[in-house]
Amino acid sequence: MKEIRIILTSVGGLVAPGIIKSLKKKATENNERLFIVGVDMRKESVGFYFVDKSYIVPSGDSKNYISTLMKIAKVNNINVIIPSSDEEVLSISKERKRFIKNGIIPLCSDYDTVYKSNDKGLMLKFLKEKGVSYPKFCVPVSIEEVKKFAKELNYPYTPFVVKPRLARGSRGFKIIKEKFDFFKDRSSNMVKLRYFIDILRGYRDFPDIVLMEYLPGEEYSVDALAYNGEPLYVIPRRRIKALGGPSVVGEIIQNDVVRNMVEEVIRAFGFHLNVNIQLKYSKEGKEGIPFVYEINPRVSGTIVANDAAGANLLYYGIKLALGQEIPRQSTIRRVKMLRYFKEKFLYE
């Protein structure tokens, strides 16, 4: 039985066990074996109990991260590295040529593409330059620019959002809105403009943030597989409910408008291998235009849903990275995903 040896990073996430199981199942169906080395910076990482071998590593943006990862890869004869967090995909893509020189293929695009798509401010500026539809946005450098953007959007009648330019899993995401019910609204992300201004005044240096118009319509998280800027698979998934970053309820459906938009974005950036692109409609439901509001130049936490729909994009990405053939895009089944928690108990 043929064996493919991979490193999967950030296996401490709640979605890691599902990804590992999905990969191994698909490999077995194809008469192959996956030897998976899981790495994470935390000792209590649930994914360690689902992989073949595990290591604790420094954080993805640490100066020792790449050297540690390289040692692990060499000792275990690794073929492919799958970065699963923003910090790690940035560090790994920056050393992409070095890994490839040692016979190790990172499952990501080149560093320039990763950097400009991962930074939300640069991403929106790039879409604007390329003539791809984009939401109204601002990359402010002062409180005065924040106030100006709010006025241009007709605040307080129109809310807007703020988020760090570099962040993941909805960290730092806030909706700037004047009217909301503090006791009844389930969202803890809402804040009034004057309070937000007070928060900004507390920073010695103005933070790296991006402001963007609030998009109230349907939300899509689209997993895609590309080869040197050419889309091979594009699978739209409607995000119905999310917990933090990952979806807990989602539905894979056909949406040609979203699909065409994602294909345009892939060609504009020149993405290679796996990428996740998130969009929302500018008006309620599917009215208006779907705008790209975030890009994850790596695998998404809910990539396993595509396997249930008929295309294991992570497994295909591994095969493609190794120069092997993958199936041509076939009919994708409509499927709804309901995610739930499951416990792992450790006895001393």
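In the block above lies the structure referred to throughout.
Criteria and cut-off values
- Residues numbered from 1 in each chain as written.
- Predicted model: local features only at pLDDT ≥ 70, side-chain atom pairs only at ≥ 80, totals over all residues.
- Heavy atoms only, no water.
- Core = buried A, V, L, I, M, F, W, Y, C linked by side-chain atoms within 4.5 Å.
- Buried < 20%, exposed > 50% of the residue type's maximum accessible area, 1.4 Å probe, protein only.
- Helix = DSSP H or I, 4+ residues; strand = E, 2+ residues; numbered from the N terminus.
- Contact = heavy atoms within 4.5 Å.
- Polar contact = N/O pair within 3.5 Å; in protein donor to acceptor, adjacent residues only side chain to side chain.
- Pairing = 2+ DSSP bridges.
- Axes fitted to C-alpha atoms, helices over the stretch in contact; angles between N-to-C directions.
- Phe/Tyr/Trp six-rings, centres within 6.5 Å; stacked < 30°, edge-to-face > 60°.
- Lys NZ or Arg CZ within 6 Å of the ring centre and 35° of its normal.
- Right-handed = clockwise from strand over helix to strand, strands pointing away.
- 1 Å grid on protein atoms, 1.4 Å probe; cavity = no way out; pocket = protein on both sides within 12 Å on 5 of 7 lines; lining within 4 Å.
- Points joined across faces, edges and corners; volume = space filled by probe spheres on them.
- Nonpolar A, V, L, I, M, F, W, Y, C, P; charged D, E, K, R; others polar.

Engineer: Give me the lowdown on the nonpolar core, citing residues and values where you can.
Structural biologist: Core analysis: the largest hydrophobic core is formed by 37 residues, its most contacted members being I6, L23, I82, L107, L314 and Y316. When residues of this core are traced back to their parent elements, those giving at least two are β1 (2-9), α1 (16-29), β2 (32-40), β4 (80-82), β12 (230-242), α10 (305-309) and α11 (313-321). Here the element with the most residues in this core is α11; it accounts for seven residues. When sequence neighbours within four positions are dropped, the list of residues in contact with Y316 reads K26, L225, Y233, G310, A311, I326 and P327. Judged by nonpolar contacts, the second largest core, of 35 residues, contains F137, V139, V262 and F271.

Engineer: Let's hear about the environment of T9: which residues, and what values?
Structural biologist: Examined against the element boundaries, T9 turns out to sit in strand β1. Judged by its relative accessible area of 0%, T9 falls in the buried class. Once the C-alpha coordinates of T9 and Y157 are considered, the two residues, 148 residues apart in sequence, prove to be 43 Å apart. Excluding residues that lie within four positions of it along the chain, T9 makes contacts with V39, Y65, I81, I82, P83, S84, S85, E88 and I92. In terms of polar contacts, T9 uses its side chain to reach the side chain of E88, at 2.8 Å.

Engineer: Provide a residue-level description of the sheet that holds strand β16 (residues 335-338), including the pertinent values.
Structural biologist: Pairing in this open sheet of six strands is antiparallel, and the strands run β15-β14-β11-β12-β13-β16 from one edge to the other. The open sheet has two edge strands, β15 (290-296) and β16, and neither has a second partner. Sheet twist, expressed as the mean angle between neighbouring strand axes with direction ignored, is 30 degrees. Note that β12 and strand β13 (residues 247-252) share five bridges and pair antiparallel. Paired with R237 across the bridge in β13 is I252.

Engineer: Which residues make up the packing of aromatic side chains, and what values go with them?
Structural biologist: Going through the model one piece at a time under the given rule, you end up with eight aromatic pairs. Between F149 and F160 the ring centres are 5.7 Å apart and the planes differ by 85 degrees, which places this aromatic pair in the edge-to-face class. With F149 in helix α7 (residues 143-152) and F160 in strand β7 (residues 160-164), this residue pair connects regions lying 11 residues apart in the sequence. For the pair F149 and F160, one class covers both residues: buried. Among the aromatic residues, those joined into a cluster by ring pairs are F126, F269 and F271. Its guanidinium or amino end placed over the ring of F35, R5 lies 3.9 Å from that ring's centre, counting from NZ or CZ. If you follow R194 out to its NZ or CZ, it ends over the ring of Y195, 5.2 Å from the centre.

Engineer: Which residues make up the side chain of E251, and what are the values?
Structural biologist: Counting through the fold element by element, E251 comes out in strand β13. Classification of E251 as buried rests on a relative accessible area of 9%. Of note is the side chain of E251, whose polar atom sits 3.0 Å from the side chain of R334.

Engineer: Summarise α11; cite the residues concerned and give the values.
Structural biologist: The element α11 is extensively covered by neighbouring structure, given that nine of its nine residues are classed as buried. Buried within α11 we find L313, L314, Y315, Y316, G317, I318, K319, L320 and A321. Of the residues one or two after α11, G323 is the one with positive phi, at around 80 degrees.

Engineer: Before we move on, could you go through the pairing of β1 and cite the residues and values that matter?
Structural biologist: Of all eight residues that make up β1, six are buried, and the element is covered over most of its length. Here β1 runs beside β2; their pairing, made up of eight bridges, is parallel. For I6, the partnering residue across the bridge sits in β2 and is I36. In this view, the connection linking β1 to its parallel neighbour β2 by way of α1 has right-handed handedness. Bridge count for β1 against β4 is three bridges, and the pairing is parallel. Pairing of I7 across the sheet is with I81, part of β4.

Engineer: I'd like a rundown of the layout of surface pockets, residues and numbers included.
Structural biologist: Computed from the structure, the second largest pocket encloses a volume of approximately 210 Å³. Contributing to the lining of the second largest pocket are V162, K163, P164, G172, K174, V191, F196, I199, L200, Y203, P207 and I209. Looking at the lining of the second largest pocket, the elements with two or more residues in it are β7 and α8 (193-201). The residue inventory of the lining of the second largest pocket, partitioned by class, reads nine nonpolar, one polar and two charged.

Read these as spatial facts, not as claims about activity.
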